[in-house]
Amino acid sequence: MEIGDVRNIESEDEYDAVITDPPYYDNIIYSEVSDFFYVWLKIILSERYEGFNQNATPRKESIVANPAENKGAEEFESELHESFTTIQNALKTDGVLAFTYHHSDSESWGELLESLCDSGFEVTATYPLTADISKFIEGEAVSFDILVVARPVRETEVASWKSLRRDIYRTARRTRKQLEENRDLSRGDIGVMEMGACFHEYSKHHGKVRRGDNIMSAKEVVQEIYGIIQEASDIGVEDVFIDLLDTSNVSYDDVNKLCRGTNAAPEDLKETHLYNQDGGFELGTWDNEKRQAYIQERVNGESGDHLSNLDKLQFLRYRYEKGQAVQNYVEKWDVDDDLRELAGRLADVTGDDTYTRVLGDRDITSY
Ligand SMILES: C[S@@+](CC[C@H](N)C(=O)[O-])C[C@H]1O[C@@H](n2cnc3c(N)ncnc32)[C@H](O)[C@@H]1O
């Protein structure tokens, strides 16, 4: 039996798996708590085991935020990082690290992901460990434990945020769909696993994700992933339509399949002419006659019919094509973040950045 500071392990390329339960910030100062037992155990065990030769358990080496040792959150994070680096060296290249972590907010996940990736790991999965996590989907701060699985990664690959974001969207959706179809899990549990799958996508590109002229940090990406997961749990007509745009040889079967488990029904898409079936299946893209007629009727209608963001963007895209003014509509309509976000997604999936340009956005990479 070896007892000691994890950071003193000198093995290289030796372990198949490291399974651990590290401390969490200032949650419990284990060394102080341990002394209560240690002083008694020392009396009977010091002859038999090394590690009982001190009068008290190690304080300085204990990885925890402890004001008595002048250690705060920063020290905790850097010491945990040192431990991950040691473990990474000790693991074989195809080895695995599994550890528990306390789930709290996106900030601390950002720290953890940054630290793991900097130590040469990729996160491959995250699993919830306790039951009452229903709050996660309501966006409140939550508190539960997570099992994090990570593996050594050799080299990460360059990616634009634009393409990574699409991968993350897809991964979140796919993970969610698979889990909903095959397992009886709560939405919150699914959210945690979606998060792990998205972390995995990011880990492959850590330190090399470009947004405009900047490299994104893991923290920034985690923030975005949070948003994407919250959104993914509310999949609507617009999301299904974008997935349809992204499907080759699209047919009614795809509409049916992609609507499953979402808030969108095939009839919703049909009524709004996002697809038409008479005379063969066709998608309601901006240049589709029936779709555009439907939108124009609503734009010109007296009834003050509600226009969806997709209606607005396809209408603007159409006017742009016809050389008609778009600015007056852009000014009249409330161009909020949701509209911009959707424009970015449409531009991504179709490769047509007119959707973002009509809104007057020059830099579309940040959406
Ligand atoms: C969450 S507790 C693990 C509890 C354990 N799973 C159990 O059921 O008893 C974290 C443990 O990490 C230990 N620890 C703190 N700093 C350490 C270090 N530098 N090296 C090794 N272990 C450390 C603490 O003493 C504590 O026992």
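Everything numeric in this text was worked out from a predicted model, so none of it was measured.

(A) Examining the confidence of the model for the chain more closely. The predicted model of the chain averages 87 in pLDDT, with 89% of residues at 70 or higher. Across residues 131–142, where pLDDT falls below 50, the model places 21 contacts with residues more than four positions away in sequence or in other chains. Under a pLDDT of 50 for its full length, residues 362–367 has, in the predicted model, 14 contacts with residues more than four places off or in other chains.

(B) Representation of the site of the ligand. In the vicinity of the ligand, the contacting residues are Asp5, Val6, Arg7, Asp21, Pro22, Pro23, Tyr30, Ser31, Glu61, Ser62 and Ile63. The residue makeup of the shell around the ligand, split by class, is 5 nonpolar, 2 polar and 4 charged.

(C) Quick peek at unusual backbone geometry. Despite not being glycine, Asp13 has its phi angle at roughly 55 degrees, a positive value. By secondary structure assignment, the location of Asp13 is in the segment before β1 (15–20). Even without a glycine there, the phi angle at Asn70 is positive, about 55 degrees. Here Asn70 lies in the loop between α1 (30–45) and α2 (73–90). A residue is classified by how many C-beta atoms lie within 10 Å of it, and Asn70, with 7 of them, is exposed.

(D) Structural context of the nonpolar core. With 39 residues, the main nonpolar core has Leu113, Leu116, Phe121, Val123, Cys198, Val221 and Ile225 as its most contacted residues. The element contributing the most residues to this core is helix α5 (residues 187–203), with 8 residues. Residue assignment places this core across two domains, with domain 1 (1–97) and domain 2 (104–111 + 121–234) each supplying three or more. When neighbours within four sequence positions are excluded, Ile225 is seen to be in contact with Ile168, Met195 and Cys198. Phe241, Leu244, Leu269 and Tyr275 belong to the second largest nonpolar core, which has 26 residues in total.

(E) Helix α3 (residues 106–118), seen in detail. End to end, α3 covers 18 Å across 13 residues, agreeing with the expected 18 Å (1.5 Å per residue, within 8%). Those residues of α3 that fall on the buried side of the exposure criterion are Trp109, Leu112, Leu113, Glu114, Leu116 and Cys117.

(F) Structural detail: the packing of helix α7 (residues 237–245) against helix α13 (residues 337–350). Where α7 meets α13, the closest approach of the two axes is 9 Å, and the angle between their N-to-C directions is 15 degrees. By the criterion of interaxial angle, the relationship of α7 to α13 is roughly parallel. You can see that α7 and α13 cross each other, and the crossing is right-handed. Where α7 abuts α13, its residues Glu238, Ile242 and Leu245 lie against Leu342, Arg345, Leu346, Val349 and Thr350. Its residues assigned to classes, the contact of α7 with α13 comprises 5 nonpolar, 1 polar and 2 charged.

(G) The arrangement of the sheet that holds strand β6 (residues 209–211) in detail. Spatial ordering of the open sheet is given by β5-β6-β7, a layout of 3 strands whose pairing is mixed. Each of the sheet's edge strands pairs with one partner strand only, and the pair in question is β5 (159–160) and β7 (214–215). Two strands pair when backbone bridges link them, and β6 and β7 are joined in this way by 2 bridges, in the antiparallel orientation. Among the inter-strand pairings, Arg210 is bridged to a residue of β7, identified as Ile215.

(H) Just the environment of Ala218, in detail. Turning to its location among the elements, Ala218 is positioned in helix α6 (residues 218–232). The spatial distance from the C-alpha of Ala218 to the C-alpha of Trp109 is 8.9 Å, given a sequence separation of 109 residues. If sequence neighbours within four positions are ignored, Ala218 has contacts with Gly110, Leu113, Glu114, Cys117, Tyr202 and His206.

(I) Local environment of helix α4 (residues 161–182). Along its 22 residues, α4 runs 31 Å from first to last C-alpha, staying within 8% of the 32 Å computed at 1.5 Å per residue. Taken as a whole, α4 has its buried residues at Trp161, Leu164, Arg165, Ile168, Tyr169, Thr171, Ala172, Thr175 and Arg176. Here the buried residues of α4 occupy an arc of 165 degrees about the axis, which is enough to place them on one side. In α4, the exposed positions that point more than 90 degrees away from the buried face belong to Arg174, Glu181 and Asn182.

(J) Geometry of the packing of α7 against helix α8 (residues 252–259). Orientation of α7 relative to α8, taken along the N-to-C sense of each, is 135 degrees, at an axis distance of 10 Å. Between α7 and α8, the angle falls in the class oblique. Considering only the axes of α7 and α8, their crossing is right-handed. Taken together, the residues of α8 that come into contact with α7 (itself represented by Val240, Asp243 and Leu244) are Asp254, Val255, Leu258 and Cys259.

About the thresholds
Starting afresh in each chain, residues are numbered from 1 along the sequence in its written order. Since the coordinates come from a predicted model, pLDDT governs what is reported: local features require at least 70, and pairs of side-chain atoms require 80 or more to be given and counted, while whole-chain, interface and lining totals use all residues. What pLDDT reports is the predictor's confidence in each residue, on a scale of 0 through 100. The contact rule is simple: place each C-beta atom from the backbone, and if two of them lie within 7 Å, those residues are in contact. Note on definitions: a residue is near a molecule or strand provided its C-beta atom, placed from the backbone, lies within 6 Å of it. Each residue gets one of three labels, nonpolar for Ala, Val, Leu, Ile, Met, Phe, Trp, Tyr, Cys and Pro, charged for Asp, Glu, Lys and Arg, and polar for the others, Gly among them. Strands here are runs of E lasting at least two residues and helices are runs of H or I lasting at least four, both read from the DSSP assignment and numbered beginning at the N terminus. Residues are called buried when their C-beta atom has 20 or more other C-beta atoms within 10 Å, exposed when it has 12 or fewer, and partly exposed otherwise; all C-beta atoms are positioned from the backbone. Put simply, a nonpolar core is buried Ala, Val, Leu, Ile, Met, Phe, Trp, Tyr and Cys residues tied into one set by C-beta atoms within 7 Å. Domain start and end points were adopted from an automatic or database domain assignment. Under the convention used throughout, the expected extent of a helix is 1.5 Å for every residue step, that is, one less than its residue count. Orientation is described by axes fitted as lines to C-alpha atoms, over the contacting stretch for helices, and by angles from 0 to 180 degrees between their N-to-C directions. Reported orientations rely on four angle classes, namely roughly parallel under 35 degrees, roughly antiparallel over 145, roughly perpendicular from 65 to 115, and oblique for the rest. Note on convention: the crossing is left-handed when the near helix lies turned anticlockwise from the far helix by less than a right angle, right-handed when the turn is clockwise. Between any two strands, at least two bridges found by DSSP are needed for them to pair. Here the arc refers to the directions that run from the helix axis out to each C-beta atom.

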